[in-house]
Amino acid sequence: MLESIVENIVSSVRQVMNEPEAGLPLHIPVFGKNAESYVVECVRTGWVSSVGKFVDRFEEDLARYTGVKRAVAVVNGTAALHIAQLMVGVQPGDEVLIPSLTFVATANSVKYCNATPHFIDVCPKTLGVDPVKLDGYLSEIADVKEGVCINRNTGSPIRAIVGMHAFGHPFDIEGVQTVCAKFGLKFVEDAAESIGSYYKNQHTGGFGDVGIISFNGNKTITTGGGGALLTNDESLADRAKHITTTAKISHPYRYFHDTVAYNYRMPNINAALGCSQLEDIEALISCKRGIADRYLKAFESNEVCQIFKEPADCRSNYWLNALVLNPDFALKSGEIINLMHQHKVFVRPIWEPLHKLDIFAGCPQMDLSVTLDLGNRIINLPSTPSLD
Ligand SMILES: *Cc1c(COP(=O)(O)O)cnc(C)c1O
């Protein structure tokens with residue numbers, strides 16, 4: 001019986017992706033017409049590394065595209081998350097609220113600051129932070145003392161919240177902003193997956209004190225490996241640039257560094273790819289939204305599973321389409337994924353909820369029932385766009 005259900009899903013996926021036979025990867029990079037010439041230019045001129053015109057251009061183009069004052073390009077999204085938390089003042093011993101239903105980088109970056117991830121639940125309508133549930137929880141376990149939110153159970157400051165726009169679908173940003181204001185929390189947006197996604201007509205990543213994007217090879221656009229911080233705060237951007245470039249004081253040839261810092265700068269050859277990708281981003285996203293439309297229609301009246309739809313008032317990039325199995329199939333997702341792989345449709349399960357990993361055992365957490373439920377029922381479908 002499961003076999004025929006899977007055959008049915010496979011045939012819908014193949015129809016949507018217009019690929020009757022070949023293996024279907026989850027998401028692969030797609031490059032437009034200038035990608036090669038920009039990279040070749042780096043190679044021919046020797047400007048492949050830490051200096052070069054493409055880094056500046058990429059930062060300017062990215063800031064313009066996302067509607068923020070400043071973008072700071074770095075080596076990857078995880079490094080951007082690390083720096084973002086340092087920039088909002090996360091200190092050793094602090095707690096940082098993050099969804100359990102996210103990629104491991106969100107939690108690892110909290111650890112890099114010698115802080116503790118404090119796991120919170122998500123909303124079934126957005127797959128991101130549920131601000132109503134969070135408000136209720138914080139009201140029970142936290143006090144605000146001299147503007148600082150203190151966890152009554154652990155005595156530690158809860159410094160910040162890192163919200164994440166899962167698969168490109170924006171979470172309830174205004175709801176989270178309200179909770180941040182009420183409890184004195186800094187707000188970091190993990191927009192790693194949401195370039196080209198808008199919340200009420202404004203690009204994601206620009207709402208928080210600072211936001212971050214990833215340009216890893218499997219994301220909507222890629223620089224090979226890369227990431228960026230986004231902010232409207234000029235001084236935060238200057239500090240982020242400084243600390244990601246070894247805190248070197250500008251001088252023609254002397255090595256003066258005013259703090260122990262990081263070598264997180266994005267190399268020019270990666271930024272070259274990024275510049276070409278930003279030239280093509282509108283075409284890529286409109287293709288991705290077309291794929292999502294076709295998936296939504298193909299599974300509209302399916303009795304086993306549906307496609308997750310962008311939240312109200314949002315425009316999602318639909319980075320990875322998410323197939324949500326009905327509760328009856330919650331325990332079957334592993335088997336379904338296995339069978340789909342046998343059909344060469346290389347789907348992936350949603351992340352293992354992070355609070356279940358041994359490496360984060362003992363971290364504080366709220367009730368995570370929605371996370372546990374959705375964590376068993378979501379399968380990501382092939383979502384690679386094309387430029388033809
Ligand atoms: C991809 C991703 C990151 C990390 O980005 P890298 O560039 O791979 O380091 C962080 N958070 C989320 C939610 C991601 O999906």
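As a convention, each chain's residues are numbered from 1 in the sequence order in which they are written. Local features in a predicted model are, by the rule used here, given only for residues with pLDDT of at least 70; side-chain atom pairs are given and counted only at 80 or more, and totals for whole chains, interfaces and linings are based on all residues. To obtain the side-chain values, all non-hydrogen atoms of the structure were used and water was disregarded.

Focus: the overall build of the protein chain
Here is step 1 of the chain: Helix and strand assignments follow DSSP, with helices taken as H or I runs no shorter than four residues and strands as E runs no shorter than two, numbered in order from the N terminus. Along the backbone of the protein chain there are 12 helices and 16 strands.
Here is step 2 of the chain: Computed over C-alpha atoms, the radius of gyration of the protein chain comes to 21 Å, within 12% of the 21 Å expected from 2.2 N^0.38 for 388 residues, which places it in the range of a compact globule.
Here is step 3 of the chain: With 388 residues in all, the protein chain has 57% of them scored as buried.
Here is step 4 of the chain: Should any heavy atoms of two residues lie within 4.5 Å, those residues are considered in contact. Of the contacts made within the protein chain by residues no fewer than 6 positions apart, 70% connect residues no fewer than 24 positions apart.
Here is step 5 of the chain: Surface exposure here means Shrake-Rupley accessible area, sampled with a 1.4 Å probe, where a residue is shielded only by the protein chains that are shown. In the structure as shown, the protein chain presents an accessible area of about 16600 Å², 51% of it carried by carbon and sulfur atoms.
Here is step 6 of the chain: We score Asp and Glu as negative and Lys and Arg as positive, and we do not count His or the chain ends. Lys charges are placed at NZ, Arg charges at CZ, Asp charges at CG and Glu charges at CD. Charged side chains of the protein chain number 34 positive and 43 negative; the gap between the two group centres comes to 4 Å. Throughout, radius of gyration means the C-alpha value; the globule benchmark is 2.2 Å times the number of residues raised to the power 0.38. The rule is simple: take the accessible area with a 1.4 Å probe, protein chains only, and divide by the maximum for that residue type; under 20% is buried, over 50% is exposed, in between is partly exposed.

Description of the site of the ligand
Here is step 1 of the chain: By convention in these notes, a residue is near a molecule or strand provided one of its non-hydrogen atoms lies within 4 Å of it. Around the ligand, the structure places 16 residues, and the nearest of them are G77, T78, E193, S214 and K219.
Here is step 2 of the chain: Side-chain polar atom of K219 to an oxygen atom of the ligand: 3.2 Å apart, as the coordinates give it.
Here is step 3 of the chain: Taking 380 Å² as the accessible area of the ligand by itself, protein coverage stands at 93%.
Here is step 4 of the chain: For each structure, a 1 Å grid was placed over the protein atoms alone; sets of points admitting a 1.4 Å probe that cannot get out are labelled cavities, open sets with protein on both sides within 12 Å along at least five of seven lines are labelled pockets, and lining residues have an atom within 4 Å of a point. To be counted as sitting in a cavity or pocket, a molecule needs more than half of its atoms within 2 Å of that site's grid points. The cavity where the ligand resides is the largest pocket.
Here is step 5 of the chain: Residue contributions to the shell around the ligand peak at 3 residues, all from helix 4 (residues 77-87).
Here is step 6 of the chain: Here the term charged refers only to Asp, Glu, Lys and Arg, the term nonpolar to Ala, Val, Leu, Ile, Met, Phe, Trp, Tyr, Cys and Pro, and the term polar to all other amino acids, Gly among them. Of the residues belonging to the shell around the ligand, the class tally is 5 nonpolar, 8 polar and 3 charged. The term polar contact refers here to a pair of N or O atoms within 3.5 Å; inside protein, the definition further demands a hydrogen-donor-capable atom paired with an acceptor-capable atom, and it admits residues adjacent in sequence only when both atoms are side-chain atoms.

Structural notes on the packing of aromatic side chains
Here is step 1 of the chain: When two rings of Phe, Tyr or Trp (its six-membered ring) have centres within 6.5 Å they constitute a pair, described as stacked for plane angles under 30 degrees, edge-to-face for angles over 60, and tilted for the intermediate range. Tallied over the full model, the rule gives 8 aromatic pairs.
Here is step 2 of the chain: Seen in terms of ring centroids, Y38 and F54 are 5.3 Å apart; in terms of plane orientation they differ by 35 degrees. Their pairing is tilted. Of the two residues, Y38 sits in helix 2 (residues 35-45) while F54 sits in helix 3 (residues 53-66), which places them 16 residues apart along the sequence. For the pair formed by Y38 and F54, the shared burial category is buried.

A look at the sheet that holds strand 12 (residues 305-307)
Here is step 1 of the chain: With antiparallel pairing, 4 strands are arranged side by side in an open sheet as 12-14-16-15. Two strands in the sheet have a free side with no partner beyond their single neighbour: strand 12 and strand 15 (348-349).
Here is step 2 of the chain: Pairing of strand 12 with strand 14 (residues 321-325) involves 3 bridges; the strand directions are antiparallel. Paired with I307 across the bridge in strand 14 is L323.
Here is step 3 of the chain: To get an axis, fit a line to the C-alpha atoms, keeping to the stretch in contact for a helix; angles then go from 0 to 180 degrees between the N-to-C directions. Lying on the sheet, helix 10 (residues 281-298) is in contact with strand 12, strand 14 and strand 16 (378-381); it crosses strand 14 at an angle near 20 degrees. Strands pair, by our definition, only if DSSP identifies at least two bridges between them.

Re the sheet that holds strand 7 (residues 186-190)
Here is step 1 of the chain: Sheet architecture is open: 7 strands sit in the order 1-11-10-7-6-2-3, paired in mixed fashion. Pairing within the sheet leaves two strands with one partner each, and these edge strands are strand 1 (70-74) and strand 3 (116-120). The sheet shows a mean angle of 25 degrees between the axes of neighbouring strands, taken without regard to direction.
Here is step 2 of the chain: Across 5 bridges, strand 6 (residues 158-164) lies against strand 7 in parallel orientation.

A short note on the pairing of strand 5 (residues 148-151)
Here is step 1 of the chain: As paired strands, strand 4 (residues 142-145) and strand 5 are joined by 4 bridges and run antiparallel to one another. If you follow A142 over to strand 5, its bridge partner there is N151.
Here is step 2 of the chain: Counting the residues between successive antiparallel strands, the hairpin from strand 4 to strand 5 contains 2 residues, one of them, E146, with a positive phi of roughly 50 degrees.

Looking at the packing of helix 2 against helix 3
Here is step 1 of the chain: Axis separation between helix 2 and helix 3 bottoms out at 11 Å; the angle between their running directions is 145 degrees. Contact residues: helix 2 offers Y38, E41 and C42, while helix 3 offers K53, F54 and R57.
Here is step 2 of the chain: Across the contact of helix 2 with helix 3, the residue classes tally to 3 nonpolar, no polar and 3 charged.

Overview of the nonpolar core
Nonpolar side chains in soluble globular proteins generally cluster together in the buried interior.
Here is step 1 of the chain: The definition of a nonpolar core used throughout is a set of buried Ala, Val, Leu, Ile, Met, Phe, Trp, Tyr and Cys residues joined through side-chain atoms within 4.5 Å. L134, L138, I161, L185 and L229 are the most contacted members of the largest nonpolar core, which has 57 residues in total.
Here is step 2 of the chain: Among the elements that make up this core, the one with the highest residue count is helix 4 (6 residues).
Here is step 3 of the chain: For the domains described, the bounds stem from an automatic or database domain assignment. Summarising the domain contributions, this core has at least three residues from each of domain 1 (2-30 + 281-356 + 363-380) and domain 2 (35-277).
Here is step 4 of the chain: Once residues within four sequence positions are removed from consideration, L134 is found in contact with L97, I120, V129, I161, V179 and M366.

Side note on unusual backbone geometry
Here is step 1 of the chain: Notably, T246 is not glycine yet its phi reads approximately 60 degrees, a positive angle.
Here is step 2 of the chain: Along the chain, the position of T246 falls in the loop between helix 8 (234-243) and helix 9 (268-279).
Here is step 3 of the chain: The exposure class of T246 is partly exposed, given its relative accessible area of 31%.

A few points about empty space enclosed by the protein
Here is step 1 of the chain: Grid points are joined across faces, edges and corners, and a volume is the space filled by probe spheres set on the points. As enumerated under the stated definition, the model contains 1 cavity of 30 Å³ or more in all.
Here is step 2 of the chain: Roughly 30 Å³ of volume is contained in the largest cavity.
Here is step 3 of the chain: The residue makeup of the lining of the largest cavity, split by class, is 5 nonpolar, 4 polar and 2 charged.

What about the domain arrangement of the protein chain?
Here is step 1 of the chain: Entries for the protein chain in the domain assignment read domain 1 (2-30 + 281-356 + 363-380) and domain 2 (35-277).
Here is step 2 of the chain: Each partner contributes residues to the interface: domain 1 has 40 residues there, and domain 2 has 43 residues.
Here is step 3 of the chain: Using a 1.4 Å probe, buried area is obtained as the accessible area two parts lose upon being combined, added over both of them. Summing the contributions of domain 1 and of domain 2, the shared interface buries around 3700 Å²; its carbon and sulfur component is 67%.
Here is step 4 of the chain: The interface formed by domain 1 and domain 2 contains 22 residue pairs in polar contact (both at pLDDT 80 or more).
Here is step 5 of the chain: The set of elements that each furnish at least two residues to the side of domain 1 that touches domain 2 consists of helix 10, strand 13 (314-315), helix 12 (369-375) and strand 16.
Here is step 6 of the chain: For the side of domain 1 that touches domain 2, the per-class residue count stands at 23 nonpolar, 9 polar and 8 charged.

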